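Residues per chain are reported as follows:
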Amino acid sequence: MSLIGEDTERCATVSPRELTRNPLKKTWVPSCRNGLPERHISERKVCMTNCPTLIVTVGLPARGKTYISKKLTRYLNWIDVPTKEFNVGQYRRECVKIYKSFEFFQPDNEEGLKIRKQCALAALNDVRQYLTDEGGQVAVFDATNTTRERRETILRFAEQNGFKVFFVESVCEDPDVIAENIVQVKLGSPDYTHCNTEEAVADFLKRIKCYENSYQTLDEELDRELSFIKIIDVGQRYLVNRVQDHIQSRIVYYLMNIHITPRSIYLCRHGESDLNVKGRIGGDSGLSGRGKEVWTSQMKRTIQTAEAVGVPYEQWKALNEIDAGVCEELMYEEIQQKYPLEFALRDQDKYRYRYPKGESYEDLVQRLEPVIMELERQENVLVICHQAVKRCLLAYFLDKTAGELPYLKCPLHTVLKLTPVAYGCKVESVCLKVDAVNTHRDRPANVNVHRSTEDALQTVPPLTSVSLFSLHLCLPSDPVVLGDEFLSVRCLLLL
Amino acid sequence: MEHQKKAVMRKRTRGESTASVPQFTNSPTMIVMVGLPARGKTYISKKLTRYLNWIGVPTKVFNVGEYRRDAVQTYKNYEFFRPDNKDAMKIRKACALAALKDVCCYFTQDHGQVAVFDATNTTRDRRELILSFAKDNGYKVFFVESLCDDLEIIAENIKQVKLSSPDYINCDKEEAVADFLKRIDCYKITYVPLDDEKDRLLSYIKIFNVGSRYLVNQVQDHIQSRIVYYLMNIHVTPRTIYLCRHGESELNLVGRIGGDSGLSTRGIKFAAALGSYIRGQSIPDLKIWTSHMRRTIQTAEAIGVPYEQWKALNEIDAGVCEEMTYEEIQDHFQEEFALRDQDKYRYRYPKGESYEDLVQRLEPVIMELERQENVLVICHQAVMRCLLAYFLDKSADELPYLKCPLHTVLKLTPVAYGCKVESIFLNVEAVNTHRVRPTNVDVDRDPEDALLTVPEHN
């Protein structure tokens, strides 16, 4: 505990440090005597704890531990908390090469127990490396961890290394859920490549039995000093104990909002034809008879699109396109002419680059987080948005890195249908067979601030090479960086 | 023509909302408190109501104890609450029913979205009554049960809010405490907490020992999910929140709004004075937050300790009006200027934001402030107004006109059911940036009328 008032490094007599502006992110940082920005970046990050966090799953096989681990990891990475999962089963497969049968897991199989313990320790070792040496913030230790003894080992390990521990236990006795789980992810496991379905299921059920006798669930009394969430029956009920800090609070909130009810999320940009969209989506068997939410931004072109589709919709300001600040409504050629330095900086780090008086992709992700949270709660949703926004949402669902995100291809007149399956997301791309401008600009080879105009504009998409149906119109090309414009004439003709 | 919100052709779907997020509510929701006396039910009711109203969900508390005080006028002693006191039971039931009737009015006539039914509701019978009432009317029900057996917490609770209750006005401290403890005992006899098995189909959160543990069951929808998240982030540890604006800026001096200018000479003086003040307060583990704008960061630098920058604390984006004086806004955007005076809370600057948008973007800041303990937030006029409105429970109409002068620190200390405010002016002069709502808000008004209340500047 520290008191401000006690002797701190810089007291009242020292004048405040000069501020310089970080040219990429447009943030103000204090500078050292030599005018360069100081190393300590005091920008608010999600994880303001100094301690890394170890999330430890707990539960019998086929309770969704790996599903939760992967999903949580994907979410944390998307909100900029470096996270990695460590699945002990994978370590076991590497060690034991060929899986014979459930007998490996029998509690009296000394040989098996030895190997399994070694694997757990190997995984913990990698956890230590990730959190201590590789800049990781959160590690997800994905294993059954069903005995108090195993959990004690982990707690001691964490204490020795200065990691916080948060347990995530999944408890479920619904035989239907467990059966579905086995079908979705166990049958396809490397362990059962050479088995037929019945054999695999029978063996796996015996495997679960091996754990049941020694299973010690997290207890309200005995484990009252630990931090944990117990998820009961796939989210019917939650027991939450001793949330220590911000990141654990966010994790709990996220885990309490996800569900596994089958559904699909449709992402498209404004300007899609109403009839085609209706036809594609209306005819989809997964949606017949069930309500579908339609979300738009508060910019005219998405609202126009929704109006044309002809169903009630919800407007989200958070879905508005990235704010290009001083570059709003400019064409790339104009940006190069007026702001060549900015244009180059953007190519150097498109994710973190912030337009002057505008936003960065990094900012977008932060403002889209409530949208993602609500998408998790919902079932079938059609999101009509914009290029940069769609890239951010897609990166979340498809686990794309910050490096890949700003270059994801999101063409106009293409609807992406995302369906959760197994541990990931199936993507179907539905092209509405209507020509449209290409608005995708690849990263050019030369990102140097002193590059020639030619090099800068090398990858700007050609904007006038498209024709429309049988009409030969010379349409003004869409400004690449759109303001709150009406849809181009071409799009209107489609509606 | 363009509506004041700058989003034409919006088909108003659910409710007539112009807010920046969809209002995810169909059926009204009743939040029903459950718990023995002195378990913090009223504290939670009031706090939750304040939060929901602030984020734009019309919410109201219905405290059955108040109905009882209206009915019975003078409180004698705990014997009123004995389970075998038939007359009193009749009165207490009538009060509950009267409160439920008012809940109904609130939803149907007053466009309420959430009603917090604040009473002990400790028997299954009473809860059944409420569930039937809700079912008949199409309301969702979410229970919030507070369980606590920590004697110290209960004693502190009694001290903070019961001793000063109208029930104990004519008692001395020991009498009041003794009577109240007997009152709690009356309820204990018949108390049936929400049950894991029997109540497994109900939606509820159980809060154990002021938040060390929670049990959450059957969360039905978005608003319940938000309520659970909020309840899991609040705490009762004593702490202080300091709110202030950056020191006077160069643009402040010349009456220009927005921008990203540095501090004026007086602003720099203020920053130094703030540093001295904060050090003088000797605050344990103080966190300091600023926005991303130069003027707040410059101010924090003078304190000499690490601070965190939040983009969410940036001043309201005035869009096309950025860096203009009010005179220039009147000149170039006469209609906008008038529309803003007509509804300052909902008005959105062209290509900019509204106060309503600000509240939405500040919500994560509030959530983290709830989690934290001692914090100094160095921000901006509109931002400070929004934060203050949350802590002091100010309405959307009052919010944009709250007085947040430069060079003045507001010290907020939670006490009882609310917040104590101390205003500390650090003795460095600054311009006044507060523009009062003028009398004439008509779009065709004279420039003179429009600029009547503009504060003086260079």
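Since we're looking at a predicted model, the values are computed, not measured.

Asks: Tell me what's going on with the pairing of strand β7 (residues 241–245) of chain B, and back it up with residues and numbers.
Replies: All names here are of chain B. In terms of residue burial, β7 counts as a mostly covered element, since five of its five residues are buried. Side-chain alternation along β7 places Ile-241, Leu-243 and Arg-245 on one buried face and Tyr-242 and Cys-244 on a second face that is also buried. Pairing of β7 with strand β10 (residues 375–379) involves five bridges; the strand directions are parallel. In the strand pairing of β10, Cys-244 is matched with Ile-378.

Asks: How would you explain the pairing of strand β14 (residues 424–431) of chain A if you had to name every residue and give the values?
Replies: Residue and element names in this part refer to chain A. Alignment of strand β13 (residues 414–421) against β14, held across eight bridges, turns out to be antiparallel. Looking at β14, one finds that Leu-416 is bridged to Ser-429. Between the antiparallel neighbours β13 and β14 lie two residues, among them Ala-422 with a positive phi of about 50°.

Asks: Can you break down the confidence of the model for chain B residue by residue, with the values?
Replies: It should be kept in mind that the predicted coordinates are not to be read in detail where pLDDT is low. Residues and elements named next belong to chain B. Per-chain confidence: chain B averages 93 in pLDDT, with 95% of residues scoring 70 or above. Scored below 50 in pLDDT, residues 1–17 shows 40 contacts in the model against residues more than four places distant or in partner chains. With a pTM of 0.90, the predicted complex shows an ipTM of 0.91.

Asks: So what about the pattern of salt bridges? Which residues, and what values?
Replies: Residues and elements named next belong to chain A. All told, the structure shown has 50 salt bridges over all chains when counted by the stated rule. Between Glu-362 and Lys-25 there is a salt bridge, with its nearest N and O atoms 3.2 Å apart. Here Glu-362 is found in helix α12 (residues 361–377), whereas its partner Lys-25 is found in the loop between β1 (19–21) and β2 (28–30), with 337 residues between them in sequence. Judged by relative accessible area, Lys-25 falls into the buried class, the value being 12%.

Asks: I'd like a rundown of the sheet that holds strand β12 (residues 418–425) of chain B, residues and numbers included.
Replies: Residues and elements named next belong to chain B. Sheet architecture is open: six strands sit in the order β9-β8-β10-β7-β11-β12, paired in mixed fashion. Two strands bound the open sheet, and with one partner strand each, they are β9 (308–309) and β12. The pairing of β7 with strand β11 (residues 408–415) spans three bridges and is antiparallel. Each residue of the ladder has a partner; that of Leu-243, found in β11, is Leu-410. Where helix α13 (residues 355–371) meets the sheet, its contacts fall on β7, β8 (287–290) and β10, and the angle it forms with β8 comes to roughly 175°. Along the sheet, helix α14 (residues 381–392) makes contact with β7, β10, β11 and β12, crossing β7 at roughly 150°.

Asks: Any details on the confidence of the model for chain A? Residues and values, ideally.
Replies: Residue and element names in this part refer to chain A. In the predicted model, chain A carries a mean pLDDT of 85, and the fraction of residues at 70 or more is 82%. Within the model, the stretch residues 5–13 combines pLDDT values under 50 with six contacts to residues more than four positions away or in other chains. Contacts for the low-pLDDT stretch residues 464–495, under 50 throughout, to residues beyond four places or in other chains number 65 contacts.

Criteria and cut-off values
- Residues numbered from 1 in each chain as written.
- Chains lettered and ligands numbered in written order.
- Predicted model: local features only at pLDDT ≥ 70, side-chain atom pairs only at ≥ 80, totals over all residues.
- Heavy atoms only, no water.
- Buried < 20%, exposed > 50% of the residue type's maximum accessible area, 1.4 Å probe, protein only.
- Helix = DSSP H or I, 4+ residues; strand = E, 2+ residues; numbered from the N terminus.
- Pairing = 2+ DSSP bridges.
- pLDDT = per-residue confidence, 0-100.
- Contact = heavy atoms within 4.5 Å.
- Salt bridge = Lys/Arg side-chain N within 4 Å of Asp/Glu carboxyl O.
- Axes fitted to C-alpha atoms, helices over the stretch in contact; angles between N-to-C directions.

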